[in-house]
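# Descriptive analysis of the structure
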Amino acid sequence: MNELDDDALMAELRRIAAEVDPVPPGVIDAARAAISTRYLDHELAELVADSADAGSGLLFEAVRGPGTAESRLLTYDGGGVQVDVDLASTGAGLRVIGQFTGPVTECAVERGDGGVLDVAVDELGRFVADGVPPGPMRLRYRSEIGQMVRTAWLVP
Amino acid sequence: MGPAIRGDGMDPLAEADARDLVERVRDGDNEAWVALTDRYVSLLWSVARSMRLSEADAADAVQTTWLRLVEALDSLRDPARVGSWLATTMRRECLAVLRRRARVVAAEGWDQLAGDTAALDEALLRRERDAALWRAFKGLGPRCQSLLRMLMAEPAPSYAEVSAALDMPVGGIGPTRRRCLDNLRKIMLAGAHPFEAPSAGSA
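Residues numbered from 1 in each chain as written. Chains lettered and ligands numbered in written order. Predicted model: local features only at pLDDT ≥ 70, side-chain atom pairs only at ≥ 80, totals over all residues.

### Digging into the pairing of strand 5 (residues 104-111) of chain A
Residue and element names in this part refer to chain A. Put simply, the test is: Here the rule is simple: two strands pair whenever DSSP picks up at least two bridges between them. Runs of E in the DSSP output that reach at least two residues are strands. Runs of H or I that reach at least four are helices, and both are numbered from the N terminus.
The sheet contact formed by strand 5 and strand 8 (residues 137-143) spans 6 bridges and is antiparallel. Counted as the bridge partner of Thr105 is Arg142 from strand 8. Relative to strand 6 (residues 116-118), strand 5 is paired through 3 bridges, and the arrangement is antiparallel. Within strand 6, the position partnered with Ala108 by the bridge is Asp118. Connecting strand 5 to the antiparallel partner strand 6 that follows it, the hairpin turn spans 4 residues, and Gly114 within it adopts a positive phi of roughly 100 degrees.

### A look at the interface of chain A and chain B
Put simply, the rule reads: For every residue pair, C-beta atoms are placed from the backbone, and the pair is scored as a contact if these atoms sit within 7 Å. Three classes are used: nonpolar for Ala, Val, Leu, Ile, Met, Phe, Trp, Tyr, Cys and Pro, charged for Asp, Glu, Lys and Arg, and polar for all others, with Gly counted as polar.
Opposite the 34 residues of chain A that make contact, chain B presents 39 residues. Elements supplying a minimum of two residues to the side of chain A that touches chain B: helix 1 (6-20) and helix 2 (25-33) of chain A. Class assignment of the residues belonging to the side of chain A that touches chain B gives a composition of 21 nonpolar, 5 polar and 8 charged.

### Notes on helix 2 (residues 30-50) of chain B
Residues separated by three or four positions in an α-helix point in the same direction, a consequence of the helix having 3.6 residues per turn. Our working rule: Between the first and last residue of a helix there are one fewer steps than residues, each counted as 1.5 Å, and that sum is the expected span.
With 21 residues, helix 2 of chain B extends 30 Å between its outermost C-alpha atoms, agreeing within 8% with the 30 Å of an ideal straight helix rising 1.5 Å per residue. Where helix 2 of chain B terminates, the next one or two residues include Arg52 of chain B, which has phi positive at roughly 65 degrees.

### Topic: the packing of helix 2 of chain B against helix 8 (residues 142-151) of chain B
Residue and element names in this part refer to chain B. In plain terms, the rule: With axes taken as lines fitted to C-alpha atoms, and helix axes fitted only over the stretch in contact, angles between N-to-C directions fall between 0 and 180 degrees. Put simply, angles under 35 degrees are roughly parallel, angles over 145 are roughly antiparallel, angles from 65 to 115 are roughly perpendicular, and the rest are oblique.
The contact between helix 2 and helix 8 brings their axes to 8 Å, and the two run at 170 degrees. Taken together, helix 2 and helix 8 sit at an angle that is classed as roughly antiparallel. Contacts between helix 2 and helix 8 involve Ser46, Val47, Arg49 and Ser50 from the first element and Ser146, Arg149 and Met150 from the second. Considering only residue class, the contact of helix 2 with helix 8 consists of 2 nonpolar, 3 polar and 2 charged.

### Quick word on helix 1 (residues 12-26) of chain B
All names here are of chain B. Rules: Counting other C-beta atoms within 10 Å of each residue's C-beta, where C-beta atoms are placed from the backbone, gives the exposure class: buried for 20 or more, exposed for 12 or fewer, partly exposed between. Throughout, the arc means that of the directions going from the helix axis to the C-beta atoms.
Here helix 1 contains 15 residues, and its C-alpha end-to-end distance of 21 Å stays within 8% of the 21 Å for a straight helix at 1.5 Å per residue. The complete set of buried residues in helix 1 reads Ala14, Ala18, Leu21, Val22 and Val25. Within helix 1, the buried residues cover an arc of 95 degrees as seen down the axis, which keeps them to one side. Relative to its buried face, helix 1 has exposed residues pointing more than 90 degrees away, namely Pro12, Leu13, Ala16 and Glu23. Taken from the residues just after helix 1, Gly28 is the one with a positive phi, measuring 90 degrees.

### Notes on the nonpolar core
What counts here: Note on terminology: a nonpolar core is a set of buried residues of type Ala, Val, Leu, Ile, Met, Phe, Trp, Tyr or Cys, with members joined through C-beta atoms within 7 Å.
One finds Leu44, Val47, Ala48, Val62, Leu86, Met90 and Leu151 of chain B to be the most contacted residues of the largest nonpolar core, which totals 65 residues. Examining the composition of this core, we find that 9 residues originate from one element, helix 2 of chain B, more than from any other. In terms of nonpolar packing, the next biggest core, distinct from the first, is built from 19 residues, Ala45, Val96, Cys107 and Met137 of chain A among them.

### Section: the sheet that holds strand 5 of chain A
All names here are of chain A. What the 9 strands build is an open sheet, ordered 6-5-8-9-1-2-3-4-7; its pairing is mixed. Two strands lie at the open edges of the sheet, namely strand 6 and strand 7 (126-132), each paired on one side alone. When the angles between neighbouring strand axes are averaged without regard to direction, this sheet yields 25 degrees. Bridge analysis of strand 3 (residues 81-90) against strand 4 (residues 93-100) gives 8 bridges, and the strand direction is antiparallel. The residue of strand 4 that forms the bridge with Thr90 is Gly93.

### Things to note about the packing of helix 1 of chain B against helix 2 of chain B
Residues and elements named next belong to chain B. Let me state the cut-off plainly: With the far helix as reference, a near helix turned anticlockwise by less than a right angle produces a left-handed crossing, and one turned clockwise produces a right-handed crossing.
Closest axis-to-axis distance for the helix 1/helix 2 pair is 8 Å, and the angle between their directions is 140 degrees. Classified by the angle their axes make, helix 1 and helix 2 are oblique. Of the two elements, helix 1 crosses helix 2, and the hand of that crossing is left-handed. Here Leu21, Arg24 and Val25 of helix 1 lie close against helix 2, whose contacting residues are Ala32, Trp33, Ala35 and Leu36. Grouping the constituent residues of the contact of helix 1 with helix 2 by class yields 6 nonpolar, no polar and 1 charged.

### Remarks on unusual backbone geometry
With an omega dihedral of 0 degrees, the bond running from Glu154 of chain B to Pro155 of chain B counts as a cis peptide bond. Residue placement: Pro155 of chain B occurs in the loop between helix 8 and helix 9 (159-166). Phi is positive for Glu106 of chain A, which is not a glycine, with a value near 50 degrees. You will see that Arg52 of chain B, though not glycine, has its phi angle at about 65 degrees, which is positive. Following the sequence through the fold, Arg52 of chain B ends up in the loop between helix 2 and helix 3 (55-72).

Next up, the structure:
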């Protein structure tokens, strides 16, 4: 081993890593499937504030509501609408509470694994989704002029 | 033979391939997407493992990075450098995971979380010299383990990609790699090193 030059030693390490720490097949399958989350006709709602990123140039400082467990507040802006999202973990998955600033229809939570959870928005623009499993998710909604909008992916 | 890496860490041939793949994916070519993910999935995995994420956390961070690439496909400014874009995005996702973990389970042992599975790894390695080499690798300091694990990606990452993944200047990678491999040889020469844990979680 000690007689190997740097490149040969590195090649040995690469070979061993492929044996003891390979990329799991599920990770490769999920990567291939990720392209199905591409839509050409939608608008992206950008993240404009995230309480988990205090100091990153976004608007919020870390927020802890009085008497509540830690929750995370995010704001997205797209399709002429802003949406505030409040994430809190509960015993049975994630609770997502939202508030739109304008009229929207067809709101749903999309998950990174392709799952979709329809959510009802009330006349004041509020919604609650309970029991959302962990992992990447985003919101989709249709704005007043019928434009489909999706938020950037967020990881709770 | 490694790829032809220029002083700025770029690999012109690989870059042309990457640009071509991204452009085909933009045009809706699914095979190009499969080729692109196959080309870079080991790079992403290596970033996560280099930053000591557990398998489950690594899998989540890799997936999030692919989702972000799909989201950014049409706005990607420099498709030739999609590898560096992926490495940077992956680093950010890993840091976010580590921040969440630190908040949620600060009290639990780091080693358990990070999946320090030296004993398990060795059981997988039938050849004693492979096991000895891996044991020596695990005996390196965290900085060397991190860089070398990153360089173990298959195919070998360009220095520009390593630089993006580890937030390290391109010019520092070559000398650090040399020093870390020298340390590795010293550990091999000295035989079993003193820092080795007998088995995972025995502390």
